[in-house]
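Analysis of the macromolecular model
Each chain, letter by letter, is given below.
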Amino acid sequence: MSRRRQIYEGKAKVLFEGPEPGTLVQYFKDDATAFNNQKKGTITGKGVLNNRISEFIMLRLAEIGIPTHFVRRLNMREQLIREVEIVPVEVIIRNISAGSLAKRLGIAEGTPLPRSIVEYCYKNDELGDPLIAEEHVTAFGWATPPELDEIMSMSLRINDFLMGLFLGIGIKLVDFKLEFGRLYDDQDQVRIVLADEISPDNCRLWDVQTNEKMDKDRFRRDLGGEAEAYQEVARRLGILPESGPHDMKGPEVMQ
Ligand code: TMP
């Protein structure tokens, strides 16, 4: 692990001071938690895979004009990111009923939703990240109305793009969670950028043919085979780190 000064330790990642001001090093652990830290375990190799998967997705999103905190991958478990002020709101985008939505509204898991639905949760571990309304976000000043508009439109664009990307490799993007941050430039101008990570830890990914789960639900629900599932996502994206860091194929198109 990096010998830099540690800034913050989360459940799946550690943030260290970066090499230049305004940068951080994001280290991906193999630790897995669920149900707000009540269930703990490790998924061997998860950190390496999530570092790769998140790098790949952040780069593809940057190519379509989504600003992100990602700068570059440094090694197997670390990436250089821009330091941002995290907006304390988790954005969940859903395409198919699953998880807490299925439970809360009694809509059977696997039911396609009439349209993509965006939900917000207050990012607060002590409270268990409760579901909130847009009104809470702006009333409590967690984000301004223009910031929230930006977050909503970026989230829907990311969803459209990622649904297509995953469908191309035989995977349904059921739902996922995003986090955003404020990036301050030299003139103290603020910009909202995509932060955190996008990986099977914070997405639900189902195989198109079999509906097999290829994400952290394997751990949450004690299904087993979590490392293999994460590897299969990386393999289909063409980024399984088997022949070294310079061997990066593109995604494998499914018929
Ligand atoms: P949920 O159905 O449990 O609300 O989860 C919706 C999506 O958000 C799912 O893809 C998993 C992801 N998620 C996180 O990334 N972190 C969390 O703490 C929770 C509860 C869900």
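Check the entry above for the structure.
Quick look at the structure, then. (Residues numbered from 1 in each chain as written. Predicted model: local features only at pLDDT ≥ 70, side-chain atom pairs only at ≥ 80, totals over all residues. Heavy atoms only, no water.)

Brief notes about the overall build of the protein
The criterion, for reference: Strands here mean DSSP runs of E at least two residues long; helices mean DSSP runs of H or I at least four residues long; both are numbered from the N terminus. This radius of gyration counts C-alpha atoms alone. The globule rule is 2.2 Å times how many residues there are, raised to the power 0.38. Any two residues whose heavy atoms approach within 4.5 Å at even a single point are treated as in contact. Surface exposure here means Shrake-Rupley accessible area, sampled with a 1.4 Å probe, where a residue is shielded only by the protein chains that are shown. Positive charges come from Lys and Arg, negative ones from Asp and Glu, while His and the chain ends are left out of the count. Charged side chains are reduced to one point each, which is NZ for Lys, CZ for Arg, CG for Asp and CD for Glu.
A count of helices and strands for the protein gives six helices and 14 strands. Since a compact globule built from 255 residues should have a radius of gyration of about 18 Å, the 18 Å found for the protein is in line with a globular shape. Dimensions of the protein, computed from the C-alpha atoms along their principal axes, are close to 50 × 45 × 35 Å. Here the contacts in the protein between residues at least 6 apart in sequence split such that 56% fall between residues at least 24 apart. Total accessible area on the protein is roughly 12,600 Å²; 50% of this is exposed by carbon and sulfur atoms. Taking the average location of the 34 positive side-chain charges in the protein and that of its 41 negative ones, the two points are 3 Å from each other.

Thoughts on the packing of aromatic side chains
Short version of the rule: Only the six-membered ring of Trp is used, alongside the rings of Phe and Tyr, when aromatic pairs are assigned; centres must lie within 6.5 Å, and planes under 30 degrees apart are stacked while those over 60 apart are edge-to-face, with the rest tilted. Relative accessibility under 20% of the residue-type maximum defines a buried residue, over 50% an exposed one, and the middle range a partly exposed one, all with a 1.4 Å probe and only protein chains included. By definition, being over a ring means that NZ of Lys or CZ of Arg is both within 6 Å of the ring centre and within 35 degrees of the ring normal.
Inspection of the entire model under this criterion finds two aromatic pairs. Taking the centre distance of 4.0 Å and the plane angle of 10 degrees together, the rings of Tyr122 and Trp142 count as stacked. Note that Tyr122 is positioned in strand β10 (residues 112-122) and Trp142 in the loop between α3 (134-139) and α4 (145-167), a separation of 20 residues in sequence. With respect to burial, Tyr122 and Trp142 carry one shared label: buried. Their ring planes at 40 degrees and their centres at 5.3 Å tell us that Phe140 and Trp142 sit as a pair that is tilted. Against the face of Phe219 rests Lys39, its NZ or CZ located 4.9 Å from the ring centre. Sitting above the plane of the Phe56 ring, Arg60 keeps its charged end 4.7 Å from the centroid.

Side note on the site of the ligand
Where we set the bar: A cutoff of 4 Å decides nearness: a residue is near a molecule or strand if any of its heavy atoms lies inside that distance of it. Here a polar contact is taken to be a pair of N or O atoms separated by no more than 3.5 Å, where protein atoms must pair a possible hydrogen donor with a possible acceptor and residues adjacent in sequence count only if both atoms sit in side chains. Under the scheme applied, nonpolar residues are Ala, Val, Leu, Ile, Met, Phe, Trp, Tyr, Cys and Pro; charged residues are Asp, Glu, Lys and Arg; polar residues are all the others, including Gly.
The full set close to the ligand counts 13 residues, and Arg94, Ser100, Asp175, Asn202 and Arg204 are the nearest of them. Within the side chain of Ser100, one N or O atom sits 2.5 Å away from an oxygen atom of the ligand. Taking Arg204, its side chain carries an N or O atom lying 2.9 Å from an oxygen atom of the ligand. Summarising the interface, the protein chains cover 76% of the accessible area of the ligand, which totals 450 Å² for the free molecule. Elements that contribute at least two residues to the shell around the ligand include exactly β9 (89-96), α2 (99-105), β12 (171-184) and β14 (203-207). Ranked by the residues each element gives to the shell around the ligand, the list is headed by β12, at three residues. Looking at the shell around the ligand, its residues break down into four nonpolar, three polar and six charged.

Details of helix α6 (residues 226-237)
Put simply, the rule reads: To estimate how far a helix should reach, multiply one less than its number of residues by 1.5 Å.
The end-to-end C-alpha separation of α6 is 17 Å, in line with the 16 Å expected for 12 residues at 1.5 Å each. Of the residues making up α6, those classed as buried are Glu226, Ala227, Ala229, Tyr230, Val233, Ala234, Arg236 and Leu237.

Concerning the pattern of salt bridges
What counts is decided by this rule: Criterion for a salt bridge: a side-chain nitrogen of Lys or Arg within 4 Å of a carboxyl oxygen of Asp or Glu.
Taken as a whole and judged by the stated rule, the model has 29 salt bridges. A salt bridge links Asp196 to Lys177; the nearest nitrogen and oxygen atoms lie 3.5 Å apart. Here Asp196, found in the loop between β13 (190-195) and β14, pairs with Lys177, found in strand β12; they are 19 residues apart in sequence, far enough to count as distant. With respect to class, Asp196 is no different from Lys177; both count as buried.

So, the nonpolar core
The condition is simple: The criterion is simple. A nonpolar core is a set of buried Ala, Val, Leu, Ile, Met, Phe, Trp, Tyr and Cys residues joined through side-chain atoms within 4.5 Å.
Ranked by internal contacts, the top residues of the largest apolar core, which has 49 residues, are Leu162 and Phe166. Of all the elements, α4 adds the most residues to this core, at seven residues. Beyond its immediate chain neighbours, meaning those up to four positions away, Leu162 contacts Ile57, Leu61, Leu173, Phe176 and Ile198. Grouped together as the second largest cluster of nonpolar side chains are five residues, Val14, Phe16, Val25 and Leu80 included.

Focus: unusual backbone geometry
Even without glycine at this site, Asn36 takes up a positive phi of about 50 degrees. Relative to the assigned elements, Asn36 resides in the loop between β4 (31-34) and β5 (39-42). Taking the relative accessible area as the measure of exposure, Asn36 reaches 32% and is therefore partly exposed. Unusually for a residue other than glycine, Asp222 sits at a positive phi of about 55 degrees. With respect to the secondary-structure elements, Asp222 resides in the loop between α5 (217-220) and α6. Exposure remark for Asp222: the relative accessible area of 61% places this residue in the exposed category.

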